[in-house]
Each structure stands twice: as structure tokens, then as C-alpha cells.
Amino acid sequence: MLQVVHVSPTYFAPESILGGGERFAEELARSMSSQARVRFVSFGPRSARSGEGGSFERHILRNWTARKLIPFSPSLPALLRDADVIHCHQVNYLSTFLSAWLGARRGAKVFVSDLGGGGWTPAYHVDQSRWITGYLFISEYARTKLPTEGPARVIYAGVDTERWSMRDQPTHDGSVVFLGRILSHKGIHHLVEGLPDDVILTVIGSEADPQYLDELRALARGKTVHFRSGLDDEAVRRHLHAAMALVHPTPVDARGDAGVAELFGLAVAEAMACGCPVVASNAASLPEVVGSGAAGILVPPNSPEAIRAAIRTLADDRQVWAARSRAARARVEELFTWPKVVRRCLEAYAELGAEHAINRSRGSRTTGAAGTSAGGSQP
């Protein structure tokens, strides 16, 4: 079987980072283990290993630096030694630079998924693209926002449709939910401003910016807004099964640019899998996730009035809501299950690997022809 090593600078855990990028890397690796031998490698405050000898191994290496965003361990080369494919998560990290260099020297195919993060790396001064076979993006939007030199494919991200199951009954309690880290670039203030007075909002996510949270609490005075942090997946799923909608109000700047804050709306896809229609900004990757509108409602960014109107639309007609609930689940099953993401990823490994080999062969022939024409004899 193909031996794939996934290398991520951080992993999904409280002592590392609880982010969508971390969840993507580890869940992709775990899901791929049904079709390949897979090793997931990351870095943390202490070493941990599990699953050795099976089709999926998880290795957390003790980070020898004092900073999460500069991950390094001398144990990394040994875990890359037998790799046919090395899939690095994030571009601008020391772990990616070292993995790409080591992989290329040993003849492995090296792929990179840029998830929008960044730390210190020698790649700021040394071109690492020469060692990279191809780039695998999690949305078309990500592909346009994170330009790279080299062949690329879009594989999207996935949802565990058993964990994020469809609700049992086509009903809701009239509430809306926000799911994600509580940061200003998530646009939660637009949601709170636009929230109808008779609708309950539950904001679920880690309190990443205490000052912004205080601002939201002040903005929410006179409305029914609950802030919940530290919830496990089961508790989050209960909220999504009960809610009328998830609202994802990603903002844009004065130029209409959402930046790299929402390269794939993972919370949106999880809500849709639960049959929870979505009210989302028509910005960043969200139109790709939600689709043409059957699974939810796309609204102009930075518009509390548009959010309010969309919430009212879902509240006023239960039949329309039920149709959107079914469509939300169907879209996830069509595009965003992990088996389908894994299939796209493995196909990209093969296709881009073949293209890379052809290009290298052409380059070698060109170099050889140039040497011969110069009249030099080779030893």
C-alpha cells in the first residue's frame, strides 16, 4: 500500500490549536488510512504516539523550540524515511521546509495544502518550490488567495457525516447559532446587530479575544444572546440539531476582500450535515460551500439588515425551512464527505506526480542536449 505521511505544525487539541486547519489535517489523514498506510506527524509540548503497526499512526513530537509556530524535532527525518508521499499542511512553516527538502532528497512526492497559517521558515529566503510536487487547496477561493508556483488541484475539506448526523425530525426551536472562534474577523458583531429581538442566539466557540467578547456582550444588551465555550462535539451537535439556522457573517474590508480568514467554512459544512440551513456572507469560500442557495441564504457581507431579513425568511415558512434543511444535508453528502475528499486527494497525488515526473524528464533532456551541443565530454 501507498505510504503517506501527513505533517502538520499543530494539531487539534487545547494544548496546540483548536482550529479548522488542525481538524482538517488530522481528519484527512485518519480517513485516508482506509486506502493507504498513513502516518500523522505533528509537534507539541510533549511526545505522544498511538496506533503504531496499524494502517494509521499518530506521532506528536516534542517541539524543541519554545514557540508553536516554529515546530522542530530531530525525530522528524526518521518518520519520513519510508514515505512514498509527504503531505505538508501549511506552506510557511519550518516543518514544511524540512519535510519538503528531506522528501525530495529521498525521492518522495511532496504535496502542500496551505491552510492560511504562517510562522518562521527558511523558505522566506530559500525557494522551496523546487522540492514540491504540487499544491492541494481546500477551495477555489483558497487557490486564488494563496498563489503558489506549481501545479495544483482543489480537494475541498470534509465532514464526518456520522458524527455530524442529520437531525431526527424536520423541526427547529427558532434559535440561531454561530460556531467558531470568537474573533473580530468572524463578523459576529454584524450578527448580533442584525439579530431580531425575538430570536435567541447561541455563540459557540473559544474565547480567543477577551476584549472583542466584551464588546459583543455590550452589543447584545437587550437581546437574548448566550455565549458558550468549551463544548464538546456532542453538545455542539445538540445545538445544531435544534437550531433554525447557523449564521456565518464573514466580513470584508473596504475593498470587498475577506482575506484568508475563511478558506473553507468548516463550521458551515458541519451545520449543513446536521440539516441546519445556513445564513452566510456571500464572501470568501462560503458560496462554494453553501452552493446556489437551496441549502441556505447568501447575504451581502457587513450587513446586519440582510442577516435580519434572512433569519426572518427562514422563520416565516416552515416548509421552505424544511426544504433547505434537506438540501443542506444533500449538498454535504454530494461534495464534502471525507471518502470523497480522500478520493480527490489520492487522485491528485497520482495525477500531479505523473505531471511532475514528465516535467522533470523534459528538463533533464533539455539540460543534457545543451551539454552535448557545447561539445563537452562527460566522464
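Placed above this text is the structure.
Residues numbered from 1 in each chain as written. Predicted model: local features only at pLDDT ≥ 70, side-chain atom pairs only at ≥ 80, totals over all residues. Heavy atoms only, no water.

> Can you help me understand the sheet that holds strand S12 (residues 245–248) in this one?
Two orientations exist for strands paired in a sheet by backbone hydrogen bonds: parallel and antiparallel. If you trace the 6 strands from one edge of the open sheet to the other, you get S11-S10-S9-S12-S13-S14, paired in parallel fashion. Every interior strand has two partners, whereas the edge strands, strand S11 (225–228) and strand S14 (296–299), have only one. Neighbouring strand axes in the sheet, compared pairwise and without regard to direction, differ in orientation by 20 degrees on average. Where strand S10 (residues 201–204) meets S11, 4 bridges bridge the pair, whose relative direction is parallel. Note that in S11 the partner of Thr202 across the bridge is His226. (Pairing = 2+ DSSP bridges. Helix = DSSP H or I, 4+ residues; strand = E, 2+ residues; numbered from the N terminus. Axes fitted to C-alpha atoms, helices over the stretch in contact; angles between N-to-C directions.)

> Even after reading the chapter, I still don't get the nonpolar core, so can you show me in this structure?
In summary, soluble globular proteins display a tendency toward joint burial of nonpolar side chains. Judged by nonpolar contacts, the single largest core of 92 residues is most densely connected at Met32, Leu240, Leu246, Phe264 and Tyr349. For this core, the element with the most residues is helix H12 (residues 338–373), which contributes 8 residues. Setting aside its immediate chain neighbours within four residues, Leu240 contacts Trp164, Arg167, Val177, Leu179, Leu246, Glu270, Ala271, Cys274 and Cys276. (Core = buried A, V, L, I, M, F, W, Y, C linked by side-chain atoms within 4.5 Å. Buried < 20%, exposed > 50% of the residue type's maximum accessible area, 1.4 Å probe, protein only. Contact = heavy atoms within 4.5 Å.)

> Teacher, can you tell me more about the pairing of strand S7 (residues 134–137) here?
In the case of a regular strand, side chains alternate between the two sheet surfaces. Residues of S7 alternate between two faces, with Gly134 and Leu136 on one and Tyr135 and Phe137 on the opposite face, all of them buried. When strand S6 (residues 109–113) meets S7, the two strands line up parallel, connected through 2 bridges. Counted as the bridge partner of Phe111 is Gly134 from S7. The pairing of S7 with strand S8 (residues 152–154) spans 3 bridges and is classified as parallel. Bridging from a neighbouring strand, Leu136 pairs with Arg153 of S8. Note that the unit made of S7, helix H4 (residues 140–145) and S8 has a crossover that is right-handed. (Right-handed = clockwise from strand over helix to strand, strands pointing away.)

> Would you explain the sheet that holds strand S5 (residues 85–89) in this entry?
Within the open sheet, the 8 strands sit side by side as S3-S4-S2-S1-S5-S6-S7-S8. Their pairing is mixed. Edge positions in the sheet fall to strand S3 (48–50) and S8, since each of these pairs with one other strand and no more. With direction set aside, neighbouring strand axes in the sheet form an average angle of 20 degrees. Relative to S5, strand S1 (residues 3–7) runs parallel, the two sharing 4 bridges. If you follow Val4 over to S5, its bridge partner there is Val85. Where helix H1 (residues 20–32) meets the sheet, it contacts S1, strand S2 (37–44), strand S4 (56–62), S5 and S6, and its direction lies at approximately 155 degrees from that of S2. Lying over the sheet, helix H3 (residues 94–105) contacts S1, S2, S5 and S6, oriented at roughly 165 degrees with respect to S5.

> Just checking my understanding: could you explain the pattern of salt bridges for this structure?
Think of it this way: side chains of opposite charge can pair up when their charged atoms draw near. Scanning all chains against the criterion turns up 20 salt bridges. A salt bridge links Asp198 to Arg312; its shortest N-O distance comes to 2.8 Å. Of this pair, Asp198 sits in the loop between helix H5 (188–194) and S10 while Arg312 sits in helix H10 (residues 304–316), and the two are 114 residues apart along the sequence. A residue is classified by how much of its surface remains accessible, and Arg312, at 32% relative accessible area, is partly exposed. Two residues, Arg343 and Glu347, come together in a salt bridge whose shortest N-O distance is 4.0 Å. Within this pair, Arg343 and its partner Glu347 are both found in helix H12, separated by 4 residues, close to a single helical turn. (Salt bridge = Lys/Arg side-chain N within 4 Å of Asp/Glu carboxyl O.)

> I tried to follow the packing of helix H8 (residues 266–273) against helix H11 (residues 318–335) on my own but got confused; where do I start?
When two helices pack together, their arrangement is given by the angle between the helix axes and by the axis-to-axis distance. In contact at an axis separation of 7 Å, H8 and H11 are set at 115 degrees when each is read in the N-to-C sense. Two packed elements cross with a definite hand, and for H8 against H11 that hand is left-handed. Each of Ala269, Met272 and Ala273 in H8 lies in contact with H11, whose residues at this interface are Ala328, Arg329, Arg331 and Val332. Of the residues that constitute the contact of H8 with H11, the class distribution is 5 nonpolar, no polar and 2 charged. (Left-handed = near helix turned anticlockwise from the far one by under 90°. Nonpolar A, V, L, I, M, F, W, Y, C, P; charged D, E, K, R; others polar.)

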